[in-house]
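Examining the three-dimensional arrangement
Each chain, letter by letter, is given below.
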Amino acid sequence: MKILNVLLSTAVLGLALTTATFAQTSPSAPYTDTTCGSWQGDTWTPNGSCTGNVKRHARIEGTITIVKGHLVTVQQSTGAIVIDDTPALSNQFTGKVAVGRRIVAHGYWDGSNFYATIITTLSPSS
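Residues numbered from 1 in each chain as written. Predicted model: local features only at pLDDT ≥ 70, side-chain atom pairs only at ≥ 80, totals over all residues. Heavy atoms only, no water.

**Concerning the environment of Gly 111**
- Relative to the helices and strands, Gly 111 resides in the loop between strand 6 (102-110) and strand 7 (113-121).
- Look at Gly 111 and you get exposed, because its relative accessible area is 64%.
- Taking the C-alpha atoms as reference points, Gly 111 and Lys 55, 56 residues apart in sequence, are found 9.0 Å from one another. (Helix = DSSP H or I, 4+ residues; strand = E, 2+ residues; numbered from the N terminus. Buried < 20%, exposed > 50% of the residue type's maximum accessible area, 1.4 Å probe, protein only.)

**Thoughts on the nonpolar core**
- Among the nonpolar cores identified, the biggest contains 13 residues, and Ile 83, Ile 103, Ala 105, Phe 114 and Ile 119 are the most heavily contacted of them.
- Where this core is concerned, the elements lending two or more residues are strand 3 (56-68), strand 4 (71-76), strand 5 (79-84), strand 6 and strand 7.
- Apart from residues no more than four positions distant in its own chain, Ala 105 is found in contact with Ala 58, Arg 59, Ile 60, Ile 83, Phe 114, Ala 116, Ile 118 and Ile 119. (Core = buried A, V, L, I, M, F, W, Y, C linked by side-chain atoms within 4.5 Å. Contact = heavy atoms within 4.5 Å.)

**Brief notes about the confidence of the model for the protein chain**
- When pLDDT is averaged across the protein chain, the result is 75; 70% of the residues are at 70 or more.
- When mean pLDDT is taken per element in the protein chain, strand 4 scores highest with 96 and helix 1 (residues 2-25) scores lowest with 44.
- Between residues 11-30, whose pLDDT stays under 50, and residues either more than four places distant or in other chains, the model counts 2 contacts. (pLDDT = per-residue confidence, 0-100.)

**Description of the pairing of strand 5**
- Where strand 4 meets strand 5, 6 bridges bridge the pair, whose relative direction is antiparallel. Within the sheet, the bridge partner assigned to Val 74 lies in strand 5 and is Ile 81.
- Between strand 4 and strand 5, which follow one another and run antiparallel, lie 2 residues.
- Two strands pair when backbone bridges link them, and strand 5 and strand 7 are joined in this way by 2 bridges, in the parallel orientation. For Asp 84, the partnering residue across the bridge sits in strand 7 and is Tyr 115. (Pairing = 2+ DSSP bridges.)

**Things to note about the environment of Val 74**
- By the element assignment, Val 74 lies in strand 4.
- Among residues more than four places away in sequence, those in contact with Val 74 are Ile 60, Glu 61, Gly 62, Thr 63, Ile 64, Gly 79, Ala 80, Ile 81, Ile 83 and Ile 103.

Here you go:
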């Protein structure tokens, strides 16, 4: 019985350490724009407080064609891009995310994924 308890405890500890390691390296780790800079109109202005692996900021504009949970497909003239709007939802900077809405998504690239931190409505004159 004592051996069974030791084996079970070792298995649980191993699973806990694996889970903790995965959580620390997950690509969806929280990121806050204001820590590293701010948007001045449509231009990203870094504040110099972030060093090392700073996210590449960008803006995407187009028309929402699909919404599936936190993933939003935006149609542009050159093709479609799927963005993750989780940071914008957390910041409450999205407005209504609906098919047909013309948007500008400000955010950052993390690898090949775009994370929107702010979503605004594209003006009709654009």
